[in-house]
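Residue-level structure breakdown
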Amino acid sequence: MGNKILVALNDSLSSRTVLDYIGNLSLCPDDLQIILLHVFRKPSGGEELMGKKYMNQQPAKYSAVLEDAKQYLVNKGFFPENIENVLVTEPYPTIAEGIIEQVRLFSPTMVIIGRKRMSKAEEFVMGDVSIKLVRALEGTAVLVVKM
Amino acid sequence: MVYVPERKINLAQYRAISHAISTYEDVVLLGKHIVESICRSFDIMAATVLVFDDREKKLYYVCSHGLSDEYLRKQPEFEENFLQEFVTGQPVFFEDFRNDPRVKFKEAIQQEGIVSMLSFPIKCRKNVVGLLKLYNNDTWMIHDEDKSSIFVLSEQFGLVIDNNGLKNFLEEVRAVMSNLPLRMVSGI
């Protein structure tokens, strides 16, 4: 198989934009492996705030997000056997570090991530994972889909 | 007889939110969980967090619970920059949000089913750095003690927002510093 694309997703609007973008690209589905990745972070005080049941349901919620994404791409003509969902639950200090580690494991030819238009204040508060990936990743293309 | 609303935030809940504020590593996830837990505690329809850009003088969406994607694109809802919370530094209640003359997107508010809105300033020391907005599909009252609790928790959240921002900023500085030739960073 020629190309391997790793797509970093969550339940945000920008992730939906990423899927739309990929779905509308002219790609050769039989020559393409897609890894749909979500880096799940379990906050240490989460159970106390949201309850154990709620926190235990969260990985399943993001699995469903990945499954929906896979279904969307299958409907767009991609082959289900070429799409792998990866939900990472090991703790990482940041989302970017989690993605970088998975890129090392899977060695994709391209990483795709969404980025919403951000004001200075938003970037200050929330940071920008896409910039960290562009800086840190070597030997792979990084495609940032802006919404 | 004067109606006094029931208190919803007890010490255990206050402690849980306060502990979460000081321990969550991800500020957006923290915001998401705070708005969701407030909605559950008060049984209200939705809540959202917006941050204030003091260069652009605009509010930007961070996270929410219970609002449609379509509605989130309409925020903030006011004509120009009506931000009473910034002037007074106190919570502002809009009893009839749909028909408030200061509101710009009345149709969107009606479509979303919002009737009232209670807005808390998120402060970091003296500065208002954002807003926590609570929406309901009915007129409602909140106990004064609960209002004080949310107000104080919003202040704590404001500290986290600024602290997280500084951490992001320092990461940027570190990345840029690593591009400098060694001769220029020796001694720094």
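This text follows the structure it describes.
All values derive from a computational prediction rather than experimental measurement. (Residues numbered from 1 in each chain as written. Chains lettered and ligands numbered in written order. Predicted model: local features only at pLDDT ≥ 70, side-chain atom pairs only at ≥ 80, totals over all residues.)

Although it is not a glycine, S107 of chain A adopts a positive phi angle of roughly 45 degrees. When you line up the elements, S107 of chain A lands in the loop between α4 (95–106) and β4 (110–115). The exposed category is assigned to S107 of chain A, around which 10 C-beta atoms lie within 10 Å. Of note in this structure, K57 of chain B is not a glycine but carries a positive phi near 55 degrees. By secondary structure assignment, the location of K57 of chain B is in the loop between β1 (46–53) and β2 (58–65). K57 of chain B gets classed as exposed once you count the C-beta atoms within 10 Å, which come to 11. (Helix = DSSP H or I, 4+ residues; strand = E, 2+ residues; numbered from the N terminus. Buried ≥ 20, exposed ≤ 12 C-beta atoms within 10 Å, placed from the backbone.)

Residue and element names in this part refer to chain A. Across the sheet, which stays open at both edges, the 5 strands sit in the order β3-β2-β1-β4-β5 with parallel pairing between neighbours. Looking along the sheet, the strands with just one partner apiece sit at the ends: β3 (83–88) and β5 (141–146). Looking at each pair of strands side by side, their axes are set apart by 20 degrees on average, direction ignored. As paired strands, strand β2 (residues 32–39) and β3 are joined by 6 bridges and run parallel to one another. Note that in β3 the partner of H38 across the bridge is L87. The strands that helix α3 (residues 52–75) touches are β2 and β3; relative to β3, the one it contacts most, it runs at about 160 degrees. Where helix α6 (residues 129–136) meets the sheet, its contacts fall on β4 and β5, and the angle it forms with β4 comes to roughly 155 degrees. (Pairing = 2+ DSSP bridges. Axes fitted to C-alpha atoms, helices over the stretch in contact; angles between N-to-C directions. Contact = placed C-beta atoms within 7 Å.)

Between chain B and chain A, the residue contacts involve 28 residues of the former and 18 residues of the latter. When residues of the side of chain B that touches chain A are traced back to their parent elements, those giving at least two are α1 (11–23), α2 (27–42), β1, β2 and α6 (144–177) of chain B. Looking at the side of chain B that touches chain A, the element that brings in the most residues is α6 of chain B, giving 6 residues. Here the residues of the side of chain B that touches chain A are counted per class, giving 14 nonpolar, 7 polar and 7 charged. (Nonpolar A, V, L, I, M, F, W, Y, C, P; charged D, E, K, R; others polar.)

Our next topic: α6 of chain A. Residues and elements named next belong to chain A. Buried residues of α6: V129, S130, K132 and L133, and no others. Across the axial projection of α6, the buried residues extend over an arc of 160 degrees, all falling on one side. Packing partners of the buried residues in α6 comprise α4, β4 and β5. (Arc of directions from axis to C-beta.)

All names here are of chain B. Taken in spatial order, the 5 strands of this open sheet run β2-β1-β5-β4-β3, and their pairing is antiparallel. In this open sheet, the two strands that pair with only one neighbour each are β2 and β3 (92–94). When strand polarity is set aside, the average angle formed by the axes of neighbouring strands in this sheet is 25 degrees. Against the sheet, α2 engages β1, β2 and β5 (127–136), with an angle of about 65 degrees to β2. Sitting on the sheet, α6 touches β1, β4 (116–124) and β5, and the angle it makes with β4 is about 50 degrees.

Quick look at α4 of chain A now. All names here are of chain A. Here α4 is 12 residues long and its end C-alpha atoms lie 17 Å apart, about the 16 Å a rise of 1.5 Å per residue gives. Listing the buried residues of α4 in full gives I95, A96, G98, I99 and V103. The buried residues of α4 occupy an angular sector of 160 degrees when projected down its axis, which confines them to one face. Along α4, the residues that are exposed and aim more than 90 degrees away from the buried face are R104 and L105. In this structure, the buried residues of α4 make contact with β1 (3–8), β2, β3, β4 and α6. Positive backbone phi, approximately 45 degrees, marks S107, located one or two places after α4. (Expected span 1.5 Å × (residues − 1).)

Of note, Y24 of chain B is situated in the loop between α1 and α2. Residue classification places Y24 of chain B among the buried residues on the basis of 23 C-beta atoms within 10 Å. Measuring from C-alpha to C-alpha, the distance between Y24 of chain B and V160 of chain B comes to 9.5 Å, with 136 residues separating the pair along the chain. Setting aside residues up to four positions removed in sequence, Y24 of chain B forms contacts with P43 and G45 of chain A together with L29 and L30 of chain B.

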